[in-house]
Structure formats: C-alpha cells, structure tokens
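Residue-level structure breakdown
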There are 2 protein chains.
Amino acid sequence: MSARELRFAIFGAGFWTRYQLSAWRELEGVTCVAIYNRTRPKAEALAREFGIPAVYDTPEDLLREAKPDFVDNITEIAGHKPLSLLCAQRRVPCICQKPMAPSLAAARAMVKAFAKTRTRFFVHENWRWQTPMRQLKRLIDSGVIGTPFRGRLTMISGYDCWANQPALRELKQFILTDLGVHILDVARLCFGEANSVYCQIRKTLAPKVKGENVATLLLSMGPAKTTVVIELGYAKTPLEPTVREAFPQTLAFVEGPLGSLEVSADYLIKVTTRNGTLIERHPPPRYPWADSQYAVAHASIVDCHRDLLRALRGEGGGETTGADNLKTMELTYAAYSSAAEDRVISFR
Amino acid sequence: MSARELRFAIFGAGFWTRYQLSAWRELEGVTCVAIYNRTRPKAEALAREFGIPAVYDTPEDLLREAKPDFVDNITEIAGHKPLSLLCAQRRVPCICQKPMAPSLAAARAMVKAFAKTRTRFFVHENWRWQTPMRQLKRLIDSGVIGTPFRGRLTMISGYDCWANQPALRELKQFILTDLGVHILDVARLCFGEANSVYCQIRKTLAPKVKGENVATLLLSMGPAKTTVVIELGYAKTPLEPTVREAFPQTLAFVEGPLGSLEVSADYLIKVTTRNGTLIERHPPPRYPWADSQYAVAHASIVDCHRDLLRALRGEGGGETTGADNLKTMELTYAAYSSAAEDRVISFR
C-alpha cells in the first residue's frame, strides 16, 4: 500500500492554497487531481499553474467524479465545518485548515461526524512542525534539563497582520483563534495536556481592530503540572529588531531541575546545563516557493504534510488528528471563558 | 530643621547591619548613636568598627537613655513586630526591615499601632531603589512607550541562596516572602496597585528546602489594568551566564502602544520606539563597602535611606511607609491564598 500514489483534492483557492500545494509537491507519492473553489476562475488559475487536471463547480461533483483518496480543505473558516462534514458523509478522509471551526460546538460536531462514519480526519496544524519548535520538543523529551517545572512561550510582534488580511479586523475573537490555537498546540506538544488555564485578553487597537489582539495565559500542564506562561500580541508595538521582533518565530524559555532551554530569534536554541551553554542554530529548510519572511512557517507545512501523509497511508504518525486538535480548541475557548469571567478554569 | 543632625539607633547586629550602617554613613546629617543586639558581643564589635558610642542590653534601655530620633530595626523577622511595636509605644519613629512581618495580621497590627500613636513608620524596602528599576519607572512615567498594557518582571537565579543563609531552608513560606515582596513592590511602583492576582507556586527542592522556591504570578495592575507577569525562581537551575543568570538583577520587558522597554542583564536598558532601539547602561553607583556581587542591591540601600531621611526630616519623600508597604504585604499573602486555592483573587 505504501507504494500506491495517493490522489487528493483541494477545496479553496485562497492565500494559503498556493503554499500548501507547493508543499505537497515536495513529497513523493501524492498528487493533486482536482480542485473546487466558490469562485471558479481562481481555481482555474491555480489548476493551470500547478497542473491540476480537474476543476469543479461544486464540492459534491468533485467528490463523486474525482473520487480523491483524501481532501485538503483549505477554505476560509466559514467553509471548515460544512465542507469537512461533506467529506465525513461521503467517507472521504479530510485534512481541515486551522482553526478547525469558528466555535467549540462546531469543532465537536465535526470530530463526531468523522468518528461516526469511521473516516479519518486531521487538522492542518503546522506550527508544531516548525524547525525550532520540533527541536525544543526533542530537547525537552531528551531529559537534558529534567522535567520542566516552568515554560514560557512568547509570540509577540509589531507586524501589521491586518495590512495583508483586512478581514482579520472584523473578527470579534482574534488573537486566540488565529495565533493562540498554534501556540496552545505547541504548549500541549511540549508540556502535555492542560490541567487549568487562566487568561487575560486586551483590545489595544479598538475600534479599528474589533477583537482582542493581546493575550496572556498562565496554565498548569501535563502530569508534572508544569507552569506555562503564554504571551501573545499583535499590537503594532515597536520591538527591538532581530531580538524581540522575530515574526513569525515563537520564542521560548524553559526551566527544569537540570538546566534551562531558550529559543531565541534567528532560530538560535540555547541549552544551559552545569556544563555551560550550548548554542545551536536550527533554521528551517529553504524552499524556493516559500516567502523568505515566512520561511519557518512555510517550511513547516512540508513536515506537517509528511506526517499526515504517513497517517493517511496507515504508516503511523498523524499527530494532529481532529480528536487531538479538539483539545487545542477546548483550551482556546476555555481561555476566552477564563478571560470573560476572570477566573481559573480547571479541566480535572 | 533640615540642618539638625538626626541621631538614630540600630536594633540588630546581623548580616545586613554592616551594609545598612555603611549606607547611612554615605549621607549627611545623620549619625548612629546607639545599638542594641540580643547577643551583646556582636553589637560591641560593630560599635567599635563603626564608632557607635553606646551599646545596650535591652531595647527599652536604649530608647529611654539614648533617646534616638529614630530607630533602624534590622533584626531578623521574629524581631520585626515586637521591636517595632516598642518604638510605636514610645513614639519613636521606626524603619523596619523587610518583610515587615511574618504574617498579614502582624503587619496590620504594626501599621495600626504607629497610626494610633501618630508615630512615623517605614519599611526598609530597597529593591525599588535599584538603579535599573528607578530608570524603568522613569521611562514608564515619561510616556515614551505610552501606557503599558503588559509588563513582565523576572527574577530567576541558579544562585544557592541557602549556602549563605541556611535558615531559609526551614521557612514554610519562602520565595514570595523573601524575594516576592521586593518584586511585587517594584510592580506596584511601576504599574500601580493590583486589581487582581493569580499565582502558582512550586517546591522543586523539597524536602531539603521546605518552602516554595518557584512562583509565577499573573496580575492586573493599576487604572490601566496592565497585565503583569512575575516570574520568581531560586531553583539551582543552571541559566545562561551573564544573560539569564543576572543575580541579583531583576529583568523586565514592558509593552506599550508606542514601544517597548527591556531591562537586560548588566544593567542594560533598551527603549524601542518607531525611531529604533536606544540602549543605555544604568549601573549602580559603586561604594567601597559594597560586595561587588550584590552591587545593585547594596547601592540601593543608600537611595532608600536618602528617601527615608528626607521623610524623617519632614521634607517629603518616604515612599515605603508602613501603610504603603502593607499593600505589598496584602498582595504577597493574597498570592499565597491564590496558589493554595488555585483561583484569581480580586481586590475591587
């Protein structure tokens, strides 16, 4: 079975589709055979550029006629639930773009629908596949600093994300659903499931940006009850260039009984133990199609795809299943509830 | 009145008395005229070294005979309440070493006793007088980054503080009462009074160290409801030398709408605005009697004394009155309650 070429289809022809298609082409044994988009000309343009043989006007026609082995649902968030559910009904394995859904109820319904029809369902959560984040995870798991008792993940940038994507201004819930899901997912990867979460959110750019654009979380995570601080911010605040302004890099600082780890800008990872500090650079692999400014994010798409492809072939892997990602969604919405009620929310 | 020499007495002849006496000698118009210590020979040795004319066997005798203008109570924590209350009864202004008292009830009783006898009462809280902390305060007040919406204060060290002071191993409440009061006081100075506090504490060195030695707090502070993260740790964790291991320096990172501030190791303060990053060094003044390893802490004693001396002369100042410091104590014990109950504690 591992030798068989997998034929997949794409729903959506927006901003991210080009990168996702490029990333799929880095892998062996997988081909895009069809694309559907609400606005057909955009799908046709991508089909020409990427040599996709079939363009469809409806997702139903695509599934019936192209019979893909799986669907990569790269539509905007409003399309996540209906188009994923269509795949569940037709028993076509599906990878859904993050965030999985615009509400926790929708996310639960989606996971349930795939479970009911025994169809594989994944979420395209690529942040945890970023080169420095994987190295951070490896270092924690190696035991070099012992079991972490505290960790801090920081993703703060003065970058004007609304310039590229003005629609983000209108979201009533912004930074936790956009960026927070990524960082909470990384926190789960590194420290384990959340035991509790407390969150404060702020709207520093209102009324021009409707949603919260700054969030600070204090969690207890995993069996070791690691204290985890998460700092998120898109506030247009000027930050020290190349040190603090590391968009889209996540910075990290982790303390354990035997030492400490730091992920700094420019992909530097520092491991400090009694023997001193070892500084290594863990830059992402470079791909010609990737935007150099987003290199660490774009390159991670390839590794995310590789993992999902293994799972789709039944060869293991598949970290970001729908069921797994539902935990990230639950944590994200618990953070909103925590902020709204100004209280700690416990999960056990 | 400002020309009159103030004559003061000292209670206690322990570790800190030498530094405190040295710091008083840096100032004009103030002289130590008497010292009391439970163990007389220690008081006598200091009296010889610092030219203090009178040594007493009891604090009562000292107050009655030496008639000091004020007392500097530098006894260990068990002496803070009884010896300060003695001053209150005799209507002798008193400066009490931090932490003010071993419990919130004791601290409240002390402040009340001085209020009742209309006697001036101060706490020797010097951390806020450290050169980089004062500069941080000045920068925040200058408005250069606008009103801060988030701040982070970090005082984490691998330093073995129990080697010097083994008694610290026995304290059931350790890092918040020892170090936490200092950092919470700095947070109040920089961001205003706390609206709420949430705290997680950990004991990573138990059973050899009885109390909590790691604490992480998430507060809302001041009228702007600034989100404040405080990270405290004495966990013997190896940290990157000269960057993360900055004992006894406090590191800080503050975000505002117009820019960001960072206090880094080696007294570097970075101000980032649209115009770029300005990096200035704000080292403490150097005194021959100060231990170079503690320079930033020891030098701050002089500035703390200067401020209290002005207040004692009726010339203004006097930031760290008993009433003011009671707010720091309330916050400290609220943090313990928060940690014990795993909940957010609100003050309004």
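Being a predicted model, the structure only gives us computed values, none of them experimental.

What counts and how
Residues numbered from 1 in each chain as written. Chains lettered and ligands numbered in written order. Predicted model: local features only at pLDDT ≥ 70, side-chain atom pairs only at ≥ 80, totals over all residues. Heavy atoms only, no water. Pairing = 2+ DSSP bridges. Helix = DSSP H or I, 4+ residues; strand = E, 2+ residues; numbered from the N terminus. Axes fitted to C-alpha atoms, helices over the stretch in contact; angles between N-to-C directions. Contact = heavy atoms within 4.5 Å. Domains from an automatic or database assignment. Buried area = accessible area lost by both parts, 1.4 Å probe. Salt bridge = Lys/Arg side-chain N within 4 Å of Asp/Glu carboxyl O. Polar contact = N/O pair within 3.5 Å; in protein donor to acceptor, adjacent residues only side chain to side chain. 1 Å grid on protein atoms, 1.4 Å probe; cavity = no way out; pocket = protein on both sides within 12 Å on 5 of 7 lines; lining within 4 Å. Points joined across faces, edges and corners; volume = space filled by probe spheres on them. Nonpolar A, V, L, I, M, F, W, Y, C, P; charged D, E, K, R; others polar. Least-squares fit on C-alpha atoms with pLDDT ≥ 70 in both. Buried < 20%, exposed > 50% of the residue type's maximum accessible area, 1.4 Å probe, protein only. Phe/Tyr/Trp six-rings, centres within 6.5 Å; stacked < 30°, edge-to-face > 60°. Parallel < 35°, antiparallel > 145°, perpendicular 65-115°, else oblique. Left-handed = near helix turned anticlockwise from the far one by under 90°. Expected span 1.5 Å × (residues − 1).

Observations concerning the sheet that holds strand E6 (residues 121–124) of chain B
Residue and element names in this part refer to chain B.
- Strands sit in the order E3-E2-E1-E4-E5-E6 across an open sheet of six strands; the sheet is parallel. Each edge of the sheet is formed by a strand with only one pairing partner; in this case those strands are strand E3 (54–56) and E6. Across the sheet, the mean angle from the axis of one strand to that of its neighbour is 25°, orientation sign disregarded.
- Judged from the six bridges that link them, strand E1 (residues 6–11) and strand E2 (residues 30–36) form a sheet pairing that is parallel. Its bridge partner being in E2, Ile 10 is matched across the sheet by Ile 35.
- Packing of helix H3 (residues 59–66) onto the sheet brings it into contact with E1, E2, E3 and strand E4 (70–73), and relative to E1 it is tilted by some 170°.

Looking at the environment of Tyr 198 of chain B
- With respect to the helices, strands and loops of the structure, Tyr 198 of chain B is situated in strand E8 (residues 194–202).
- The sequence separation of Tyr 198 of chain B and Ser 157 of chain B amounts to 41 residues, and the corresponding C-alpha distance is 22 Å.
- Beyond its immediate stretch of four places on either side in the chain, Tyr 198 of chain B contacts Ser 196, Tyr 198, Leu 218 and Val 344 of chain A together with Thr 216, Leu 217, Leu 218, Ser 338, Asp 342, Arg 343 and Val 344 of chain B.

Section: the domain arrangement of chain A
All names here are of chain A.
- When cut into domains, chain A gives domain 1 (6–124) and domain 2 (128–346).
- Distance between the C-alpha centres of domain 1 and domain 2: 25 Å.
- Facing 31 residues of domain 1, the contacting portion of domain 2 comprises 29 residues.
- Buried surface at the junction of domain 1 and domain 2, summed over both partners, amounts to about 2800 Å²; 72% is from carbon and sulfur atoms.
- Interface area lost by domain 1 to domain 2 is led by Tyr 19, Lys 98 and Phe 122, which between them contribute 20%.
- The interface formed by domain 1 and domain 2 holds one salt bridge in total.
- Between Arg 108 and Glu 330 there is a salt bridge, with the nearest N and O atoms lying 3.4 Å from each other.
- Along the contact surface separating domain 1 from domain 2 lie 12 residue pairs in polar contact (both at pLDDT 80 or more).

Focus on empty space enclosed by the protein
- Evaluated as defined, the whole model comprises four cavities of 30 Å³ or more.
- By volume, the largest cavity is sized at about 60 Å³.
- Along the walls of the largest cavity sit Thr 154, Met 155, Ile 156, Leu 239, Arg 244, Ala 246, Phe 247, Gln 249 and Leu 251 of chain A together with Phe 253 of chain B, which together make up its complete lining.
- Tallying contributions element by element places strand E7 (residues 150–157) of chain A first for the lining of the largest cavity, with three residues.
- Partitioning the lining of the largest cavity into residue classes produces seven nonpolar, two polar and one charged.
- Taken as a whole, the second largest cavity holds about 50 Å³ of empty space.
- Along the walls of the second largest cavity sit Phe 253 of chain A together with Thr 154, Met 155, Ile 156, Leu 239, Arg 244, Ala 246, Gln 249 and Leu 251 of chain B, which together make up its complete lining.

Some details on the relation of the copies chain A and chain B
- Of the transformation placing chain A onto chain B, the axial shift is 0.0 Å and the rotation is 180°, giving an RMSD of 0.0 Å. Both copies of the chain, as the preceding transformation shows, are related through a two-fold rotation axis.
- Comparing interface residues between copies, 100% of those in chain A also lie at the interface in chain B; the contact surface is shared.

Observations regarding the interface of chain A and chain B
- Listed by partner, the interface residues are 50 residues for chain A and 50 residues for chain B.
- Carbon and sulfur atoms make up 52% of the area that chain A and chain B hide from each other, which totals about 3800 Å².
- Where chain A packs against chain B, one counts six salt bridges.
- Counting the contacts that link chain A with chain B gives 25 residue pairs in polar contact (both at pLDDT 80 or more).
- Of all elements in the fold, only E7, strand E8 (194–202), strand E9 (214–221), strand E10 (226–234), strand E11 (251–256), strand E12 (259–264), strand E13 (268–273) and strand E14 (276–281) of chain A reach the threshold of two or more residues within the side of chain A that touches chain B.
- Considering each element in turn, the side of chain A that touches chain B owes the most residues, seven residues, to E9 of chain A.
- Tallied by class, residues from the side of chain A that touches chain B come to 20 nonpolar, 17 polar and 13 charged.

Some points on the pattern of salt bridges
All names here are of chain A.
- Scanning all chains against the criterion turns up 50 salt bridges over all chains.
- Here Lys 210 makes a salt bridge to Glu 170, at a shortest N to O gap of 3.0 Å. In this pair, Lys 210 is assigned in the loop between E8 and E9 and Glu 170 in the loop between helix H7 (161–164) and helix H8 (175–191), connecting sequence segments 40 residues apart.
- Arg 281 is the partner of Asp 266 in a salt bridge, and the nearest nitrogen-oxygen pair spans 3.1 Å. Remark: Arg 281 occurs in strand E14 and Asp 266 occurs in the loop between E12 and E13; sequence separation between them is 15 residues.
- In this structure Asp 266 comes out as partly exposed when scored by relative accessible area, which is 41%.
- Owing to a relative accessible area of 45%, Arg 281 belongs among the partly exposed residues under this scheme.
- Through salt bridges with shared partners, a single network forms among Arg 128, Arg 134, Asp 185, Arg 188, Glu 193, Glu 319 and Asp 324.

Focus: the packing of aromatic side chains
Residues and elements named next belong to chain A.
- Taken as a whole and assessed by the stated rule, the structure comprises 33 aromatic pairs over all chains.
- Plain terms: the ring middles of Phe 114 and Phe 121 are 4.1 Å apart, the flat faces sit at 5° to each other, and that makes the pair stacked.
- With a relative accessible area of 2%, Phe 114 lands in the buried category.
- Here the aromatic rings of Tyr 333 and Tyr 336 are separated by 6.0 Å at their centres, their planes lie at 40°, and the arrangement is tilted. Taken together, the residues span about one helical turn, with Tyr 333 and Tyr 336 both in helix H10 (residues 322–341) at a distance of three residues. For the pair formed by Tyr 333 and Tyr 336, the shared burial category is buried.
- An aromatic cluster of three or more residues is present, and its members are Tyr 159, Trp 162, Phe 174, Tyr 234, Phe 247 and Tyr 294.

Structural notes on the packing of helix H1 (residues 17–24) of chain B against helix H9 (residues 295–312) of chain B
All names here are of chain B.
- Close contact between H1 and H9 brings their axes to 9 Å; oriented N to C, the two are set at 55°. Overall, the two elements H1 and H9 adopt an arrangement that is oblique. The hand of the H1/H9 crossing is right-handed. On the side of H1, the interface is formed by Tyr 19, Gln 20, Ala 23 and Trp 24, while H9 contributes His 298, Ile 301, Val 302, His 305 and Leu 309.
- Broken down by class, the residue content of the contact of H1 with H9 amounts to six nonpolar, three polar and no charged.

What to know about helix H5 (residues 104–116) of chain B
Residues and elements named next belong to chain B.
- For H5, spanning 13 residues, the distance from its first C-alpha to its last is 18 Å, which sits close to the expected 18 Å at 1.5 Å a residue.
- All of the buried residues along H5 are Leu 104, Ala 106, Ala 107, Met 110, Val 111, Ala 113 and Phe 114.
- Those residues of H5 that are buried lie in contact with helix H4 (77–90), strand E5 (94–97), E6 and helix H10 (322–341).

Remarks on the packing of helix H6 (residues 131–142) of chain B against helix H8 (residues 175–191) of chain B
All names here are of chain B.
- Following both chains from N to C, one finds H6 and H8 inclined at 25°, their axes separated by 9 Å at the closest point. Between H6 and H8, the crossing angle belongs to the class labelled roughly parallel. Regarding H6 and H8, the two cross each other, and that crossing is right-handed. Every residue of H8 that contacts H6 at Met 133, Arg 134, Leu 136, Lys 137 and Ile 140 is listed here: Val 186, Leu 189, Cys 190 and Phe 191.
- The residue inventory of the contact of H6 with H8, partitioned by class, reads seven nonpolar, no polar and two charged.

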